[in-house]
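# Structural characterization, general
What follows is each chain in one-letter form.
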Amino acid sequence: MDRYAKWKQRELLLILFYAVAFYAYALRISLRLSHDHYLKLRGLAPGWLIPSRRNDVSDAQWRNFRGNLPILSFVFAVFTVIANGSRSLFKLKAKGMAILWLSLSLVYLTYLHGACVIYILSIATANFLLVKVLARKKFFPFMLWAFNLFFLLCNRIYEGYSFSIFGRQFEFLDSFRGTFRWHICFNFVVLRMISFGYDYHWGQLDSHFDQEKHVTRCSLCKLGKTCYVVRQEKGVASDSSCSFTLYLCYLVYAPLYLAGPIISFNAFASQLDVPQNTHSVKDVARYGLRWLFSFLLMELMTQFFYYNAFVISGLWRELSPVEIFIVGYGVLNFMWLKFLLLWRYFRFWSLVNGIETVENMPNCINNCYSLETFWKTWHASFNRWLIRYMYIPLGGSRRKFLNVWVVFTFVAVWHDLEWKLLSWAWLTCLFFMPEMLLKSASNAIKVQSAFGEFLLRELKALSGAVTITCLMMANLAGYVIGPSGLSLFVSSFLSTEGLPVLGGVFFSFYVGTKLMFHIQDLRSGVHSPSFETPCVSTEMKKLLLSLTLFGLTLLILPVNGIMEFDEMEWFTSFNGTKVFKTESDVYSEAKFPMVGLTLIQSAAAKGAVCLDGSLPGYHLHRGFGSGAKNWLVQLEGGGWCDTIRNCVYRKTSRRGSSKYMEKNMPFTGILSDKAAENPDFYNWNRVKVRYCDGGSFSGDSENKAAKLQFRGKRIWLAAMEDLMAKGMCQAKQALLSGCSAGGLAAILRCDDFGDMFSPSTRVKCLSDAGFFLDAIDVSGGRSLRRLYAGVVKLQNLETKLSKDCLNRLNPTSCFFPQNLINQIKTPLFILNAAYDSWQIQESLAPKSADPSGSWHDCRLDYTKCNATQIQFLQGFRTRMVNLIKGFAKPSKNGVFLNSCFAHCQTERHDTWYSQNSPAVNKKGIAVAVGDWYFERGGAKLIDCAYPCDKTCHNLVFRG
């Protein structure tokens, strides 16, 4: 065994050197990818830790947590002072603390969910009564599960229920739904209701827990402390100790309400009476400092490695197999660190208040080589909950092959009703089967020699490599790229280029598994006698320290400028000062409703599909009160594709496929549901129709060779028919709007929209940043005309555009709004920046028209334009004003033309309606649109020429 131990020492050194090389290579590739693609990535915001770099905040969950961290910390700090101060001052026990924490938590919930707290309390009360009445019945577990599964599913299907379904007298409550969707948080409440039910049910039976025997085995209990197991098994849930107040307090306990960790009712109730004594004040303080260090690590990581943004943007599809692996591996590490920070943050505040929970993420994600270990140490508190309340009642290990499928299916449904989560669950179960069989077989093998141990160890390492590969696939399919993305992910590795990479990846996982074995040996001293000597221990520490310094050096190099890169940053200029934020930054700082995506199931039969053939969709936020029968339909923008190559690329993004669309979208600006942000349309039914055809909802053709569907006109009709069936046919008032390419679509489809309603319905259209001019560029050519000509030809628009226009002009000219607006019968409002930033960059001064680069600085930053360039831009404004004047004469039409360097001003809350939103003649955009729509006053507003307007939110780019 000595020779084998020496070999293991040498093997460990080789493995460590390979690990150094592997991570050095992975870090360099990651930095290069971030450098080469950052301009194409969505969800990057200005960083604060290193101001010169962007920060990947593309993950909505992390962005929201990070943005709310200051207010959360303040609230929990205040609650902690009140709770701990009251406990000390008034000597409160379980009953008093339950009343106190319930009061504080209800204040917290009222802010989060508003009037929807009624739903939480109603369902919780029904569950309490069910438990109290039926707990002693044999069929109680079935009733408990049926009740909770019913509400778990219904809450998601009906998206938290509208108060209007209970009668018109309750519609006003829909205006007070809080800032966070209650039915999302209620998933955790369901787990707590089931825990309460079972703990109370078991409390009526004889306990089989032998505490004396447990104390002899538990290291914590031997020290006179009370471990979590004892608190959980002591059986607090009896009639005498289980009050309705304590029960509600457990369900909505503020520090653990949003995300857990999950704690059983017994464990919670016992600690509410006697606070935990497992962790000292110093321990808790150190825990908080470790969390802070981890948070800084996350900030550093997301400022250098944009893994998640690659997935959100769909750009991972353009990468080579080795790059796809590194991005996928990076995303999983990002997810692990994100959840670690979320759970440990809430656990920290729970510990400060005397409630200990199970630690989620006790192991690093890179130190798990079996599925069983991974799930025991990922969401560890949920794993314990599943074992206690589901796996064991189902029969435990006696039926483990069946129980695994039931448990993981429940986990998927509990997370959300999505096929990708079910695919994750079933893939995990599929991978679990061989592992359980191999584990049973290996446990039966008795190794008698060093060679036998070596052989068994190698087989386990190979098995571990397979398991890690399967884990990576299952998690990427379930939480990142979805089942459809998984097929592309797998096919890229099975290609000629990908097979060598797959071999290298598998070998790396094999080496990583061997490293995990050595870590286990070092901890236990198994077959490693020489490692126990001080000399070797010191050398090992030096080696590990060197590896740490090496890793830090790799991170420090970019900070010092070696990997610096030019960044295109967006700012907004208030009165000339650059302070703009990107769209994602605006969303992360304010609270907006997140509205779910609805796919139009009937569209496929009508051939109304996105570029890739997937179903189109829209986001619908129901109206309420006086706006319940009014409809605002906004058409999404996002440019066009004018060549087969561009369209093929586009169909792998959210602009060409619903597979990559965000499942939830923030409703801001004109789509906001708050009167203070959107005074005229806040309570209307508000719809955002997603843009995935590349032709402003106008085409109707296909390219079979490239597998491209140009069905924008059909998508438009399918969406309108679906909305009509959902109540839009009864609209009293309706407004069609759109931004950019969607603004052009609002013009193209305006009369079609008006013809859908009865004469008694007030119907109007609003085009924001959709007034694209057929302008001459800086080289004397017409760049935008060339683009539009490609779109018209590719999408077969020659016969699909306005017949009145086609009788006068060629099809390409009939795609320009300037040739359409005067023939539109439906009232139309044109909102545009006179110096439209998109048109400056892509129509007036595109790179193709400026080979010398003389316009480079001006096209990005208006303050860097010279006198000649400003004169050219003034000519563009003059042409826009002249084209608008004739359109503005009829009383039915409206105009807001401000002299700003901007693009799309209705979608952002700061430009739509705020204290400093852009204004012409002291009238802001939202007020002007409202006055025009409701005919309250004049809305023919044309600004003076630059630089007279001091209210602009000008866009400035740095490149």
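The notes below deal with the structure included here. Note that the structure is a prediction, hence the values are computed from the model and not measured. (Residues numbered from 1 in each chain as written. Predicted model: local features only at pLDDT ≥ 70, side-chain atom pairs only at ≥ 80, totals over all residues. Heavy atoms only, no water.)

## A word on the overall build of the chain
Quick reminder of the rule: Helix numbering and strand numbering both begin at the N terminus, where a helix is a DSSP run of H or I of at least 4 residues and a strand a DSSP run of E of at least 2. Relative accessibility decides the category of a residue: with a 1.4 Å probe and only protein chains considered, values under 20% of the type maximum give buried, values over 50% give exposed, and everything between is partly exposed. Contact definition: two residues touch when any of their heavy atoms are within 4.5 Å. Note on areas: these come from Shrake-Rupley sampling with a 1.4 Å probe, and a residue is covered only by the protein chains present in the view.
Along its length, the chain carries 35 helices and 19 strands. The buried share among the 959 residues of the chain stands at 57%. Long-range contacts, defined here as pairs at least 24 residues apart, represent 76% of the contacts in the chain between residues at least 6 apart. Looking at the chain as shown, the accessible area adds up to about 40800 Å², and 61% of this sits on carbon and sulfur atoms.

## Examining the environment of Gly354
Within the fold, Gly354 resides in the loop between helix H15 (321-352) and helix H16 (371-377). In this structure Gly354 comes out as buried when scored by relative accessible area, which is 8%. Aside from chain neighbours lying at most four places away, what touches Gly354 is Gln271, Pro275 and Gln276.

## Examining the pairing of strand S15 (residues 894-898)
To be explicit about the condition: When DSSP finds two or more bridges between two strands, those strands count as paired.
Among the five residues of S15, five are classified as buried, and the element is accordingly described as predominantly covered. The alternating pattern of S15 places Gly894, Phe896 and Asn898 on one face and Val895 and Leu897 on the opposite face, and all of these are buried. For S15 and strand S18 (residues 940-942), the ladder comprises three bridges, and the chain directions are parallel. Across the sheet, residue Val895 finds its bridge partner in S18, namely Lys940.

## A look at the sheet that holds S15
We count it as follows: Fitted lines through C-alpha atoms give the axes, limited to the stretch in contact for helices. The angle between two N-to-C directions lies from 0 to 180 degrees.
The strand order across the open sheet formed by ten strands is S8-S5-S6-S9-S7-S12-S13-S14-S15-S18, and the pairing between neighbours is mixed. Of all strands in the sheet, those bounded by a partner on one side alone are strand S8 (664-666) and S18. Neighbour-to-neighbour, the strand axes of the sheet open up by a mean angle of 20°, direction not taken into account. Bridge count between strand S12 (residues 733-739) and strand S13 (residues 762-768): seven bridges; the pairing is parallel. Directly across from Cys739, in S13, lies its bridge partner Asp768.

## Topic: a nonpolar patch on the surface
We count it as follows: Each patch is built from residues that are more than 30% exposed by relative accessible area and take part in no salt bridge. Like charges join if they lie within 9 Å; nonpolar side chains (Val, Leu, Ile, Met, Phe, Trp, Tyr) join within 5 Å. When a carboxyl oxygen of Asp or Glu is within 4 Å of a side-chain nitrogen of Lys or Arg, the pair counts as a salt bridge.
On the surface, Trp48, Leu49, Leu289, Leu292 and Leu296 cluster together to form a nonpolar patch covering roughly 460 Å² of accessible area. Mapped onto the elements of the fold, Leu49 is located in the loop between strand S1 (44-46) and strand S2 (54-56).

## What to know about the pairing of S12
Taking burial as the measure, the seven residues of S12 include seven buried ones, the bulk of the element. The alternating pattern of S12 places Gln733, Leu735, Ser737 and Cys739 on one face and Ala734, Leu736 and Gly738 on the opposite face, and all of these are buried. Two strands pair when backbone bridges link them, and strand S7 (residues 630-635) and S12 are joined in this way by six bridges, in the parallel orientation. From the neighbouring strand, Leu635 faces S12, where its bridge partner is Gly738.

## Brief notes about the state of the cysteines
Filter applied, for reference: Cysteine sulfur atoms are paired as a disulfide whenever they fall within 2.5 Å.
Inspection of the entire model under this criterion finds eight disulfides. Disulfide pairing is shown between Cys739 and Cys904; the S-S distance is 1.5 Å. The sign of the S-S torsion, about 85°, decides the handedness of the disulfide formed by Cys739 and Cys904: right-handed. In this pair, Cys739 sits in strand S12 while Cys904 sits in the loop between S15 and helix H34 (909-912), placing the two residues 165 residues apart along the sequence. Taken individually, Cys739 and Cys904 each receive the classification buried, so the pair is uniform in this respect. A sulfur-sulfur separation of 1.7 Å characterises the disulfide bridge that pairs Cys944 with Cys948. For the disulfide bridge between Cys944 and Cys948, the dihedral angle about the S-S bond is near 105°, and by the sign convention the bridge is right-handed. Given a relative accessible area of 39%, Cys944 falls into the partly exposed group.

## Re the nonpolar core
A general trend in soluble globular proteins is that nonpolar side chains are found buried together. Put simply, the test is: By nonpolar core we mean a set of buried residues, namely Ala, Val, Leu, Ile, Met, Phe, Trp, Tyr and Cys, connected to one another through side-chain atoms within 4.5 Å.
In terms of nonpolar packing, the biggest core is built from 165 residues, with Trp101, Tyr108, Tyr257, Trp378, Trp385 and Phe410 touching the most fellow members. With 21 residues, H15 is the single largest residue contributor to this core. In contact with Tyr108, other than residues within four places in its own chain, are Leu72, Val75, Phe76, Phe79, Ala254, Tyr257 and Leu258. Judged by nonpolar contacts, the second largest core, of 81 residues, contains Ala603, Phe753, Tyr835 and Phe901.

## What to know about the packing of aromatic side chains
The test is simple: Any two of the Phe, Tyr and Trp rings considered here, Trp counted by its six-membered ring, make a pair once their centres fall within 6.5 Å; the pair's planes then place it as stacked at under 30 degrees, edge-to-face at over 60, or tilted in between. Whether a charge sits over a ring comes down to the Lys NZ or Arg CZ being within 6 Å of the ring centre and within 35 degrees of the ring normal.
Throughout the structure, instances matching the rule amount to 79 aromatic pairs. Between Tyr198 and Trp202, the ring centres sit 5.0 Å apart and the planes meet at 35°, which makes this aromatic pair tilted. Here Tyr198 pairs with Trp202, and both are found in helix H6 (residues 182-203), just four residues apart, close to one helical turn. We note Lys338 situated over the ring of Phe339; from NZ or CZ to the ring centre the distance is 4.5 Å. The residue whose ring lies beneath Lys764 is Trp932, and the NZ or CZ to ring-centre distance is 5.0 Å.

## Looking at the side chain of Gln276
Let me state the cut-off plainly: In protein, a polar contact means a hydrogen-donor-capable atom and an acceptor-capable atom, both N or O and within 3.5 Å, with residues adjacent in sequence counting only if both atoms are side-chain atoms; elsewhere, any N or O pair within 3.5 Å suffices.
With respect to the element layout, Gln276 can be found in the loop between helix H12 (265-273) and helix H13 (281-304). Within polar-contact distance, the side chain of Gln276 engages the backbone nitrogen of Thr278 at 3.0 Å. Those residues in contact with Gln276, other than ones at most four positions away along the chain, are Arg231, Gln271, Leu351, Gly354, Ile355 and Glu356.

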